[in-house]
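The lines below spell out each chain.
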Amino acid sequence: LYSATLMGNALVFVLICLDYRLHSPMYFFLCHLSIVDICYASNNVPHMLRNLLGQGRTISFAGCGTQIHLYLIFALTECVLLAAMSYDRYVAICHPLRYALIMNRRVCLTLAAVSWAFGFLFGTLQASLALHLPFCGPYEVDHFFCEILAVLKLACTDTTANKVLIFAVCVCFLLFPLALILISYLHILATILRIRSAAGWHKTFSTCGSHLAVVGLFYGNAIFMYMGPGSGNSSGREKVLSLFYSLVSPSLNPLIYSLRNKQVKEALLKLQRRKRVF
C-alpha cells in the first residue's frame, strides 16, 4: 500500500505537470493533495513498517518530535485543502460562467498558500506545546509511530490544556471545513437537480462523488479518532485508525480522485504513447 501511495500520487503529480489540459484549478489542488499524501505517508509509514517487522523499535526524542510535527502539518494542511477543493467544485458547477474569473491564478495560489500556512502554524503550535512537557519513564510509545495522543500519555504532568487545544483545533480544522463542504455540496445538489442533460448529470456526479468519497474517508476517520467518545484512551482503536489514515486513505485518493477521471486517463495514454516514440 505504501508503494501504491507513492506511485499513484507521484503519477498524478507528473501527469498534471506535463499535460497542459490539466492546468486548471481543480487539478492544481489535486497536485497539492498528491504532495501532501506523499509527504504524510512517508513521514509515518517507513517507521511503522520497521516497528511491525521488528527491525529496530527505538526512536530518538528529536526524531519522535519531528514525526509528530510533520504528521500534524500535513494532516491539518489536507483539512484546509479539501475545503478549498469543495469551494472550487461549488464555483465550477453553480457559477460556471464566472468560474474563470473567480478561480483565477491568484485565488488558487492564495488558497493553496493558506492551506499550507495554517497547517504549519497550528501543527507547530500543537507539537511545541506537547514536546515541552516533562516525560516520565518508561519511555514507550504505545503506537506504531509517534502520534500526539499516544505521546501525551507519557507526560508526568496534567495534559488537560493540550487535550483542550487538540479539541479546539479539531473544531476549527475538522468540523468547520466539513460544514463548509456540506453547505457547498447542498448548493451543488440543488444545481444538479436543475440539469436536464443525462450527460451533465453523469459528469457532475462523477466529479463530485469522488470528492465526497475522499472527504468521507478523511474527515470521518479523523473525527472518530480525535473527537469520538473515549478518544485518547483507546490505544487499540487509535492504532487501527492510524493504519487506515496513514496507509489506506492516501493510496485510495489518486485512484478515487484522479485515475478514474477521463481527462487523467487521456493524459496517461498520451504519456504512454510519448514513451513508445522515444
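What counts, and at which threshold
Residues numbered from 1 in each chain as written. Predicted model: local features only at pLDDT ≥ 70, side-chain atom pairs only at ≥ 80, totals over all residues. Heavy atoms only, no water. Disulfide = S-S within 2.5 Å. Buried < 20%, exposed > 50% of the residue type's maximum accessible area, 1.4 Å probe, protein only. Helix = DSSP H or I, 4+ residues; strand = E, 2+ residues; numbered from the N terminus. Contact = heavy atoms within 4.5 Å. Phe/Tyr/Trp six-rings, centres within 6.5 Å; stacked < 30°, edge-to-face > 60°. 1 Å grid on protein atoms, 1.4 Å probe; cavity = no way out; pocket = protein on both sides within 12 Å on 5 of 7 lines; lining within 4 Å. Points joined across faces, edges and corners; volume = space filled by probe spheres on them. Nonpolar A, V, L, I, M, F, W, Y, C, P; charged D, E, K, R; others polar. Axes fitted to C-alpha atoms, helices over the stretch in contact; angles between N-to-C directions. Parallel < 35°, antiparallel > 145°, perpendicular 65-115°, else oblique. Left-handed = near helix turned anticlockwise from the far one by under 90°. Expected span 1.5 Å × (residues − 1). Core = buried A, V, L, I, M, F, W, Y, C linked by side-chain atoms within 4.5 Å. Patch = residues over 30% accessible without salt bridge, like charges linked within 9 Å, V, L, I, M, F, W, Y side chains within 5 Å. Areas by Shrake-Rupley, 256 points an atom, 1.4 Å probe, with all protein chains shown as cover. Salt bridge = Lys/Arg side-chain N within 4 Å of Asp/Glu carboxyl O. Polar contact = N/O pair within 3.5 Å; in protein donor to acceptor, adjacent residues only side chain to side chain.

Participant: Kindly report on the state of the cysteines, identifying the contributing residues and their values.
Facilitator: Taken as a whole and judged by the stated rule, the model has one disulfide. In this structure C31 is a free cysteine whose sulfur lies 4.5 Å from that of C17, the closest cysteine sulfur available. Lacking any disulfide linkage, C170 is separated from the closest cysteine sulfur, that of C79, by 8.1 Å. The class of C170 is buried, set by a relative accessible area of 7%.

Participant: Give a description of the environment of I59 that names residues and reports values.
Facilitator: Looking at where I59 falls in the secondary structure, it is placed in the loop between α2 (25-53) and α3 (61-94). You can call I59 partly exposed: its relative accessible area is 36%. Once residues within four sequence positions are removed from consideration, I59 is found in contact with H47, C64, Q67 and C146.

Participant: Outline the packing of aromatic side chains, listing residues and values.
Facilitator: Remark: the centre distance and the inter-plane angle together describe each pair of aromatic rings, the angle taken between the planes. Taken as a whole and assessed by the stated rule, the structure comprises nine aromatic pairs. Between Y71 and F145 the ring centres are 5.6 Å apart and the planes differ by 50 degrees, which places this aromatic pair in the tilted class. Taken together, the positions of Y71 in helix α3 and F145 in the loop between α5 (105-131) and α6 (148-152) put the pair 74 residues apart, joining distant regions of the chain. The pair formed by Y71 and F145 is uniform in burial state, with each residue classed as buried.

Participant: An account of the layout of surface pockets is requested, with residue identities and associated values reported.
Facilitator: In this structure, the second largest pocket spans a volume of roughly 500 Å³. Contributing to the lining of the second largest pocket are 20 residues, with R57, I59, Y139, E140 and V141 lying nearest its centre. For the lining of the second largest pocket, the secondary structure elements donating two or more residues are α2 and α3. The element contributing the most residues to the lining of the second largest pocket is α2, with three residues. Classifying every residue of the lining of the second largest pocket gives 13 nonpolar, five polar and two charged.

Participant: How would you summarise the packing of α5 against helix α7 (residues 160-192) if you had to cite specific residues and measurements?
Facilitator: For any two helices packed against each other, the geometry is given by the interaxial angle and the distance between the axes. Contact geometry for α5 and α7: axes closest at 10 Å, N-to-C directions at 165 degrees. Comparing their axes, α7 and α5 come out roughly antiparallel. Relative to α7, the crossing made by α5 is left-handed. Between α5, through F118, F122, L125, Q126, L129 and A130, and α7, the contact on the second element is made entirely by N162, L165, I166, V169 and F173. For the contact of α5 with α7, the per-class residue count stands at nine nonpolar, two polar and no charged.

Participant: Go over helix α1 (residues 2-18), please, and point to the residues and values.
Facilitator: Helix length check: α1, at 17 residues, gives a terminal C-alpha distance of 24 Å against a target of 24 Å (1.5 Å per residue), a fit within 8%. Every buried residue belonging to α1 is among Y2, T5, G8, N9, V12, L15 and I16, and all of these are buried.

Participant: Can you explain empty space enclosed by the protein? Please cite residues and give values.
Facilitator: Per the counting criterion, the structure on display carries four cavities of 30 Å³ or more. When its volume is computed, the largest cavity comes out at roughly 170 Å³. In this structure, the largest cavity is lined by 15 residues; those nearest its centre are L72, A75, L76, C170 and Y226. Within the residue set of the lining of the largest cavity, elements represented by two or more residues are α3, α7 and α8 (198-226). Residue composition of the lining of the largest cavity, by class: 14 nonpolar, one polar and no charged.

Participant: Explain the nonpolar core residue by residue, including any values.
Facilitator: The biggest cluster of nonpolar side chains holds 73 residues, and the ones touching the most others in it are I68, Y71, L82, I148, Y219 and Y226. Of the residues forming this core, the biggest block, 18 residues, is contributed by α3. Not counting the four nearest positions on each side in its chain, I68 is found in contact with A127, L131, C146, I148 and V151.

Participant: Just give me the short version of the side chain of N44, but keep the residues and values in it.
Facilitator: Tracing the chain through its elements places N44 in helix α2. When neighbours within four sequence positions are excluded, N44 is seen to be in contact with Q67, Y71, F145 and S246.

Participant: So what's going on with a nonpolar patch on the surface? Which residues, and what values?
Facilitator: The grouping of V114, F118, F120, L121, F122, L125 and L129 at the surface amounts to a nonpolar patch, some 600 Å² of accessible area in total. With respect to the helices, strands and loops of the structure, L121 is situated in helix α5.

Participant: Describe the side chain of T191, and please don't skip the residues or the numbers.
Facilitator: With respect to the secondary-structure elements, T191 resides in helix α7. Classification of T191 as buried rests on a relative accessible area of 13%. Polar contacts involving the side chain of T191 include one to the main-chain carbonyl oxygen of H187, which spans 3.0 Å. T191 has contacts with I93 and C94, leaving out every residue within four places of it along the chain.

Participant: Lay out the pattern of salt bridges with the relevant residues and their values.
Facilitator: According to the stated counting rule, one finds one salt bridge in the structure shown. A salt bridge links D88 to R89; its shortest N-O distance comes to 2.9 Å. Taking the relative accessible area as the measure of exposure, D88 reaches 1% and is therefore buried.

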